Amino acid sequence: MLGLISLLVMATNVYALVLFLPSLHAWLWLPQVRSRPWYVRATVFAVGLIGPALLLALTAKRLDLGLDTPWYLAELTAIGYVPVVAVVLALAWIAVAAQLLTVTTGRYAPYPGAAEGAGPGVVRTSVRTVVLGVRGRRRTDAPRQAYGDR
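Counting starts from 1 at the beginning of each chain's written sequence and moves along it residue by residue. Selection of residues for local features in this predicted model requires a pLDDT of at least 70, selection of side-chain atom pairs for listing and counting requires 80 or more, and totals for whole chains, interfaces and linings are taken over all residues. The basis for every side-chain value is the complete set of non-hydrogen atoms in the structure, without hydrogens or water.

(A) Examining the packing of aromatic side chains more closely. The rule is short: rings of Phe, Tyr and Trp, with Trp giving its six-membered ring, pair when the centres are within 6.5 Å, and they are stacked under 30 degrees, edge-to-face over 60, tilted in between. Tallying each qualifying case throughout the model produces four aromatic pairs. Arranged with centres 6.3 Å apart and planes meeting at 75°, the rings of phenylalanine 20 and tryptophan 93 form a pair that is edge-to-face. You can see phenylalanine 20 sitting in helix H2 (residues 17–26) and its partner tryptophan 93 sitting in helix H6 (residues 84–105), a full 73 residues away along the chain. Judged by relative accessible area, which is 9%, phenylalanine 20 ranks as buried. The numbering of helices and of strands both runs from the N terminus, where a helix is a DSSP run of H or I of at least 4 residues and a strand a run of E of at least 2. Each residue's exposure class comes from its accessible area (1.4 Å probe, protein chains only) as a fraction of the maximum for that residue type: buried when under 20%, exposed when over 50%, partly exposed otherwise.

Here's what the structure looks like:
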């Protein structure tokens, strides 16, 4: 997928390929370092982020924006200065980076089913707690409503 994104970037703007080539080259090494310690895998993944980090850093320094750089780039996109194709390709690159990050950290696995003895997730547990709390409050309020406050 990353190779396809690079080909599409090359078809739209050859100079923008500078942002994608570090990740393309570095992330090809991720399968080779999967049995290494976590810090080696994290370093290889981080090397792939050099292109976008360089874009942010150079824009921040050149225009003296500091931490407002992402906001400035979002404004350029909103007013149409950055083409929609570039935004779509950047979002595709972010999706690939997110998938590779989950694989690199070892968090990529299907959610276990009830037969495997997995407990409910965070959202389900939170919803259950809220529902049981509301039910408990209704039960304690029901006798007061039926007989009135005395």
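(B) View of the nonpolar core. Counting residues in each nonpolar core, the largest one holds 16 residues, and the members touching the most others are Leu2, Ile5, Val9, Trp27 and Leu30. Secondary structure elements with two or more residues in this core: helix H1 (2–12), H2, helix H3 (38–47) and H6. Any two residues whose heavy atoms approach within 4.5 Å at even a single point are treated as in contact. What leucine 30 contacts, discounting residues up to four positions off in sequence, is Arg41, Val44, Phe45, Leu100 and Thr104. Joining through side-chain atoms within 4.5 Å is the link that ties buried Ala, Val, Leu, Ile, Met, Phe, Trp, Tyr and Cys residues into a set, and such a set is a nonpolar core.

(C) Looking closely at unusual backbone geometry. In the Ramachandran plot, aspartate 64 falls in the positive-phi region, its phi being about 55° despite a non-glycine side chain. Within the secondary structure, aspartate 64 sits in the loop between helix H4 (50–63) and helix H5 (69–78).

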